[in-house]
Amino acid sequence: MIYEVILSTLRPDGSPHWAPMGLREEGSFYVLRPFKTSHTYKFLLKHPYAVANIVGDILPFCMSALGDPSFDCIPARHIKGFVYVDVCAWMELEAIEEKNGEEASSFICSLVYRGMGRPFRGYNRARGLIMELLIAATRYQFYTEGFFEKLISEAKVLTEKTGGEGERKAICIIEEYLKGVFS
């Protein structure tokens, strides 16, 4: 199974770097697969620790996927790293092995510590569609502008039915990003 998390790694200056990431659970280990061109990959090579932040809000995913946000955070408990303050849960991970791939590497990670934040408030259907829209937006070169127009329209309708202010802001962030890509 793959969980969508906001991964925090350390920049060379010791500040947090935030990036959305799929975290694969494989038995008692977790696998991260950052692209070799990503900051996450470079930072994991230098400091093989990360925090997988499990959040219930789509907005920080959009902000970290399409920008370089500075989130409120607290120090991790057992590794040198950072935990997002509005986290539902987090896992402090140590990358114990790298399996080099052509475009991406797999970092096999062991769990150092698992923490709990605020309670998960429940599933929001709009977030699922916005997450898929966001992932597609980060891979925009594989899609047409018409594909995004249709998906954004669907996301807006579903957000009006089931979403809130965070979902509306997330769609705006994605729309602005895509306008820049396709203009």
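Above this note sits the structure.
Treat the numbers as computed from the prediction; the structure is a model and nothing was measured.

Each value, and the rule that gives it
- Residues numbered from 1 in each chain as written.
- Predicted model: local features only at pLDDT ≥ 70, side-chain atom pairs only at ≥ 80, totals over all residues.
- Heavy atoms only, no water.
- Pairing = 2+ DSSP bridges.
- Helix = DSSP H or I, 4+ residues; strand = E, 2+ residues; numbered from the N terminus.
- Axes fitted to C-alpha atoms, helices over the stretch in contact; angles between N-to-C directions.
- Expected span 1.5 Å × (residues − 1).
- Buried < 20%, exposed > 50% of the residue type's maximum accessible area, 1.4 Å probe, protein only.
- Contact = heavy atoms within 4.5 Å.
- Polar contact = N/O pair within 3.5 Å; in protein donor to acceptor, adjacent residues only side chain to side chain.
- Salt bridge = Lys/Arg side-chain N within 4 Å of Asp/Glu carboxyl O.
- Parallel < 35°, antiparallel > 145°, perpendicular 65-115°, else oblique.
- Left-handed = near helix turned anticlockwise from the far one by under 90°.
- Nonpolar A, V, L, I, M, F, W, Y, C, P; charged D, E, K, R; others polar.
- Patch = residues over 30% accessible without salt bridge, like charges linked within 9 Å, V, L, I, M, F, W, Y side chains within 5 Å.
- Areas by Shrake-Rupley, 256 points an atom, 1.4 Å probe, with all protein chains shown as cover.

## Considerations on the sheet that holds strand β4 (residues 49–54)
One closed barrel holds the six strands; their spatial order is β1-β2-β3-β8-β7-β4, and the pairing between them is antiparallel. Ignoring strand direction, the axes of neighbouring strands in this sheet form an average angle of 45 degrees. Where strand β1 (residues 2–10) lies against β4, three bridges are found, and the strand directions are antiparallel. Counterpart to Ile 6 in the pairing with β4 is Asn 53.

## Observations concerning helix α3 (residues 125–137)
For α3, spanning 13 residues, the distance from its first C-alpha to its last is 19 Å, which sits close to the expected 18 Å at 1.5 Å a residue. Every buried residue belonging to α3 is among Ala 126, Leu 129, Ile 130, Met 131, Leu 133, Leu 134, Ala 136 and Ala 137, and all of these are buried. Elements in contact with the buried residues of α3: β1, α2 (59–66), α4 (145–162) and α5 (165–182). Taking the backbone nitrogen of Ala 126 as reference, a side-chain oxygen 2.8 Å away marks Asn 124 as the first, capping residue of α3.

## Re the pairing of strand β3 (residues 29–32)
In this sheet, β3 lies alongside strand β2 (residues 16–26) in antiparallel orientation, the contact comprising four bridges. Bridge pairing in β3 links Leu 23 to Leu 32. Connecting the antiparallel pair β2 and β3 is a turn made up of two residues, with Gly 27 showing a positive phi of about 65 degrees. The pairing of β3 with strand β8 (residues 106–116) spans three bridges and is antiparallel.

## Overview of the pattern of salt bridges
A side chain of one charge can pair with a side chain of the opposite charge if their charged atoms are brought near each other. In the structure shown here, the tally under the stated rule is nine salt bridges. Of the charged contacts, one joins Arg 11 and Asp 68 as a salt bridge, the two residues approaching to 2.5 Å between their closest N and O atoms. Residue Arg 11 is located in the loop between β1 and β2, and its partner Asp 68 is located in the loop between α2 and β5 (73–75); the two are separated by 57 residues in the primary sequence. With a shortest N-O distance of 2.6 Å, Arg 127 and Glu 167 are connected by a salt bridge. In this pair, Arg 127 sits in helix α3 while Glu 167 sits in helix α5, placing the two residues 40 residues apart along the sequence. Residue classification places Arg 127 among the partly exposed positions, given a relative accessible area of 22%. Salt bridges sharing partners connect three or more residues here, namely Glu 160, Glu 165 and Arg 168.

## Concerning the packing of α3 against α5
Relative orientation of the contacting elements α3 and α5 amounts to 20 degrees, with a least axis distance of 11 Å. Regarding the angle of α3 to α5, the classification is roughly parallel. Read as a crossing pair, α3 and α5 show a hand that is left-handed. Where α3 approaches α5, its residues Ala 126, Arg 127, Ile 130, Leu 133, Leu 134 and Ala 137 are matched on the opposing element by Glu 167, Ala 170, Ile 171, Ile 174, Tyr 177 and Leu 178. A breakdown of the residues in the contact of α3 with α5 according to their chemical character gives ten nonpolar, no polar and two charged.

## Re a nonpolar patch on the surface
On the surface, Phe 142, Tyr 143 and Phe 147 cluster together into a nonpolar patch covering about 320 Å² of accessible area. Here Phe 147 shows up in helix α4.

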